[in-house]
There are 2 protein chains.
Amino acid sequence: MKSEEQFLELIDTYFPRDHEFLKLGRGDDCAILAANEYCVSSDLFIEDVHFRRDYFSAADIGYKALAVNISDIAAMGAKPVAFSLDLMAPADLDNGFWDEFFKSMSMLARQSGLALAGGDLSRADKLGVSITIFGVAGGSGTFISRGNASPDDLLFIVGDIGLARSGLMALEATGVAAREVLPAAVMAHLRPKPKVMIGTLLNAAGVTSLMDLSDGLARDLPRLLGPERGADLTIEETTLHGNVLSFAQTIGTAPLEVAMLGGEDYALLGAVSPDALDKVGSVPGLKIIGTVTESAGITLNGAPFTATGFDHFGK
Amino acid sequence: MKSEEQFLELIDTYFPRDHEFLKLGRGDDCAILAANEYCVSSDLFIEDVHFRRDYFSAADIGYKALAVNISDIAAMGAKPVAFSLDLMAPADLDNGFWDEFFKSMSMLARQSGLALAGGDLSRADKLGVSITIFGVAGGSGTFISRGNASPDDLLFIVGDIGLARSGLMALEATGVAAREVLPAAVMAHLRPKPKVMIGTLLNAAGVTSLMDLSDGLARDLPRLLGPERGADLTIEETTLHGNVLSFAQTIGTAPLEVAMLGGEDYALLGAVSPDALDKVGSVPGLKIIGTVTESAGITLNGAPFTATGFDHFGK
């Protein structure tokens, strides 16, 4: 792609400028958003840190950069409405690449009801995307934050744990050939599905805490609970995805360890009062994985569990 | 800096979590902003594209990454309230660097009334900052966009043009030694002052269009005017900063060419009806530079002017 104008034309081809919550769209110093309350989140998606061009297509990159942001809106039980796109573009990527990238990103945006509100473009050595996303409260009028879980609340997840990590590790080990061997795991890594509808249902059902799993259950669960609470988890191997079991066998690790370390699952993790259990019971795919305890510390199937998920800065 | 936790602790040291417009601050999946309307803008600030570590100190980088974003809020005649920070951090920068970086950014944030609402951190080969900033309308209750200028409206600038470009070119040619020779120009490049107060005054005075000059007057003026309008400019060399005159002489270029090409001036450019001239007349530093014409095309001191400012993707 040769000029900024070419980028802007391509963006205009794929992303409409109008949205009910956008009072002023792209092309000015700022966009203007009009609603009473917004929830806002930002995520980076950087080449050779969050993805590799070896096995991510242009369409995969455009999709996932936005999907991981939408997942944060889902984790508030909210409705995504607009996003801002800061794009770092290496000089070697051709028009065909960008066409696929924006087409894929815009399809996900349209499905999710998202307008592109603005952003910035820059040359860079490596491809990188920084997205800031905006959501509004759904029918309940509320957002669900973390840290409100009470002792004896039930903990639940919606979505697979350890599946995306299995896909990542298989892709790193064997490249695109992993698509044949562990198709669901690879797709979970390349094309995670943000659970907006599920988040809305959980919100309506009155769950007390909710978050999305980006760094693995082992690291993220303490973030949901806060420093004062712990959890007793009961997770049967049989509830894990078949691709997680296969992958764990291949590398000679316990499947539950793969599941707990997780990383980029974008499953939803939450807590709900036992009284509200019948209300969340109808949410598709919801699995109860344990209970909140009075004091800190986590047990898994009766044994103390200590492990760490993924730290971008560690090691 | 070794771990994500160290970064987050440092950020907590410098940036308070609370702000009147932040219903929920950092640390959850999203922050929650509560106001009726927000103006929103994003800007990238990337090593070796927007700045060089040779002559930008850690404090300069932390300052300017935020300042260029605040300038977009100023250009709407609005009041900055919160920002989100996506930080790409190379492994070789030590704790001292980050302390200076955050201290400097937080000083500007505090002066400008800005809370840090959230963000993301990632390793990267080069240092990069992506900021999304939020502003609210001031006393007038309105935002000033571009493209509303009518024929015979007066065009004005507040701030120096060509000064930051002179500083950049001198720094590129001679490194930090340029600080001695062209101190004002170098400071204009390293530490541009966002004109929030001026923007608010211009808004109250009823200007019709406003923007900030980031790519030079030659490129930015057509963006203010829109495709249908043109301008007759009258700019005397004597109104340019002495450092621009010196620099132009050194490189053997006409000072007005340096001024028109500009780039990263972060001066404000706007249009005002002649009827409202007395109202804007009291705004400090405001200079009338011409009038809006019925049809497209720009003249400078009576001669047709065609030139281009800076395109990040050009050449």
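Rules of the game
- Residues numbered from 1 in each chain as written.
- Chains lettered and ligands numbered in written order.
- Predicted model: local features only at pLDDT ≥ 70, side-chain atom pairs only at ≥ 80, totals over all residues.
- Heavy atoms only, no water.
- UniProt positions renumbered as here; feature names shortened; annotations may be inferred.
- Helix = DSSP H or I, 4+ residues; strand = E, 2+ residues; numbered from the N terminus.
- Buried < 20%, exposed > 50% of the residue type's maximum accessible area, 1.4 Å probe, protein only.
- Contact = heavy atoms within 4.5 Å.
- Polar contact = N/O pair within 3.5 Å; in protein donor to acceptor, adjacent residues only side chain to side chain.
- Buried area = accessible area lost by both parts, 1.4 Å probe.
- Salt bridge = Lys/Arg side-chain N within 4 Å of Asp/Glu carboxyl O.
- Nonpolar A, V, L, I, M, F, W, Y, C, P; charged D, E, K, R; others polar.
- Pairing = 2+ DSSP bridges.

Engineer: Kindly report on the UniProt feature "binding site: Mg(2+) 4" (unreviewed entry) in chain A, identifying the contributing residues and their values.
Structural biologist: When the UniProt feature table is mapped to this numbering, "binding site: Mg(2+) 4" (unreviewed entry) covers Asp29, Ser41 and Asp72 of chain A. Spanning 44 residues, the named residues do not form one spatial group; their C-alpha atoms are separated by as much as 26.2 Å. Mapped onto the secondary structure, serine 41 of chain A falls in strand β3 (residues 37-46). Looking at serine 41 of chain A, the relative accessible area reads 7%, which means it is buried. With sequence-adjacent residues up to four places away left out, serine 41 of chain A is seen in contact with Asn69, Asp72, Ile131, Thr132 and Ile133 of chain A together with Asp29 and Cys30 of chain B. Reaching out from serine 41 of chain A, the side chain makes a polar contact with the side chain of aspartate 72 of chain A at a distance of 3.3 Å. Judged by its relative accessible area of 8%, aspartate 72 of chain A falls in the buried class.

Engineer: How would you summarise the interface of chain B and chain A if you had to cite specific residues and measurements?
Structural biologist: How big an interface is tends to be stated in terms of accessible area lost as the parts join. Taken together, the contacts link 59 residues of chain B with 59 residues of chain A. Across the chain B to chain A interface the summed buried area is about 4700 Å²; carbon plus sulfur atoms make up 50%. Applying the counting rule to chain B against chain A returns ten salt bridges. Linking lysine 23 of chain A and glutamate 37 of chain B is a salt bridge whose minimum nitrogen-to-oxygen distance equals 2.5 Å. The interface formed by chain B and chain A includes 26 residue pairs in polar contact (both at pLDDT 80 or more). Counting residues per element, the side of chain B that touches chain A draws most heavily on strand β3 (residues 37-46) of chain B, which supplies nine residues. When grouped by side-chain class, the residues that make up the side of chain B that touches chain A number 27 nonpolar, 14 polar and 18 charged. Looking at chain direction, strand β2 (residues 31-34) of chain A and β3 of chain B are connected through four bridges and run antiparallel. Paired with alanine 31 of chain A across the bridge in β3 of chain B is valine 40 of chain B.

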